[in-house]
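Here are the chains, one letter per residue:
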Amino acid sequence: MSSMRILALDHGTKRIGVAISDELKMIAQPLEFIPAEPFADFLARLKELIREKQVELIVVGMPRNMDGSYGPSALKVQDFVAALKDAVTIPIQTLDERLTSVQAHRLLTEAEVSGRQRKGKLDKSAAAILLQSYLDGMPG
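A brief report on the enclosed structure follows.

### Some points on the overall build of the protein
Item 1. Each helix and strand in the protein was counted, giving four helices and five strands.
Item 2. When the helices and strands of the protein are read in sequence order from the N terminus, they spell out β-β-β-α-β-α-β-α-α.
Item 3. Burial analysis of the protein (140 residues in total) assigns 41% to the buried set.
Item 4. Put simply, of all contacts in the protein between residues at least 6 apart along the chain, 59% involve residues at least 24 apart.
Item 5. Counting only carbon and sulfur atoms, one obtains 54% of the accessible surface of the protein, whose full area is about 7900 Å².

Below, the structure written as structure tokens:
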């Protein structure tokens, strides 16, 4: 039984939310935030995580407008993914994330996280929700 995990990244201009799957690839757990700049530092931390957690696949949220079109933020993510592919050897997949941040926000509002905490928690859970939706969609 391989114990490789899947890592999800929620790209933001200021920081990048990271979530990781369990070894069975069933449950997504929020992990941490990494500052987006400087990019070299981000990559160094990402590579540490890949090694520590034995990551076999990275999933990156691709923002889309509600009508399905791609806006400027999607182009940023495409550049980000291209840079990642140069830097790491494991496969990278993008996942439509039209709904993930919305879901994250709704869950947190229900949990009544205080406003100051909410911003930090939101990015992290967006990555976890992105990953969970990916895991749920995987062929069992």
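### A short note on the pattern of salt bridges
Item 1. Tallying each qualifying case throughout the model produces six salt bridges.
Item 2. One salt bridge in this structure joins aspartate 96 and arginine 64, with 3.2 Å as the shortest N-O distance. Of this pair, aspartate 96 sits in strand 5 (residues 92-96) while arginine 64 sits in the loop between strand 4 (55-62) and helix 2 (72-87), and the two are 32 residues apart along the sequence.
Item 3. The partly exposed category is assigned to arginine 64, whose relative accessible area is 26%.

### Focus on helix 1 (residues 39-53)
Item 1. A rise of 1.5 Å per residue sets the reference length of helix 1, with its 15 residues, at 21 Å; its end C-alpha atoms lie 21 Å apart and thus fit the reference within 8%.
Item 2. Among the residues making up helix 1, those that are buried are Phe42, Leu43, Leu46, Leu49 and Ile50. Within helix 1, the buried residues cover an arc of 125° as seen down the axis, which keeps them to one side. With respect to the buried face of helix 1, the exposed residues turned more than 90 degrees away are Ala40, Arg51 and Glu52.
Item 3. Of the surrounding secondary structure, the elements contacted by the buried residues of helix 1 are strand 1 (5-10), strand 2 (15-21), strand 3 (28-35), strand 4 and helix 2.

### Focus on the side chain of lysine 25
Item 1. If you trace the backbone, lysine 25 turns up in the loop between strand 2 and strand 3.
Item 2. Polar contacts involving the side chain of lysine 25 include one to the main-chain carbonyl oxygen of methionine 4, which spans 3.2 Å.

### Structural notes on the pairing of strand 2
Item 1. With respect to burial, strand 2 is a largely interior element, six of its seven residues being buried.
Item 2. Note that strand 1 and strand 2 share four bridges and pair antiparallel. Within strand 2, the position partnered with leucine 9 by the bridge is valine 18.
Item 3. Counting the residues that bridge the hairpin from strand 2 to strand 3 gives six residues, and of these lysine 25 lies at a positive phi of roughly 60°.

About the criteria used
- Each chain carries its own residue numbering, running from 1 in the written order of its sequence.
- In keeping with the predicted nature of the model, local features appear solely for residues at pLDDT of at least 70, side-chain atom pairs appear and are counted solely at 80 or more, and the whole-chain, interface and lining totals rest on all residues.
- Working from all heavy atoms in the structure, the side-chain values ignore hydrogens and water.
- Counting from the N terminus, the helices are DSSP H or I runs at least four residues long and the strands are E runs at least two residues long.
- Three labels apply to residues, based on accessible area from a 1.4 Å probe with only protein chains included: buried if under 20% of the type maximum, exposed if over 50%, partly exposed otherwise in between.
- Only heavy atoms enter the contact rule, under which two residues are in contact if any of them lie within 4.5 Å.
- What sets the accessible areas is the Shrake-Rupley method with a 1.4 Å probe; for residues, cover comes only from the shown protein chains.
- Just to be clear on terms, a salt bridge is a Lys or Arg side-chain nitrogen sitting within 4 Å of an Asp or Glu carboxyl oxygen.
- Here the expected length of a helix is defined as 1.5 Å per residue gap, with one fewer gap than residues.
- Taking the helix axis as origin, the arc is that swept by the directions to the C-beta atoms.
- In the analysis that follows, any N or O atom pair within 3.5 Å is treated as a polar contact, provided that within protein one partner can donate a hydrogen and the other can accept it, and provided that, for residues neighboring in sequence, both atoms belong to side chains.
- Any two strands with at least two DSSP-identified bridges between them are counted as paired.

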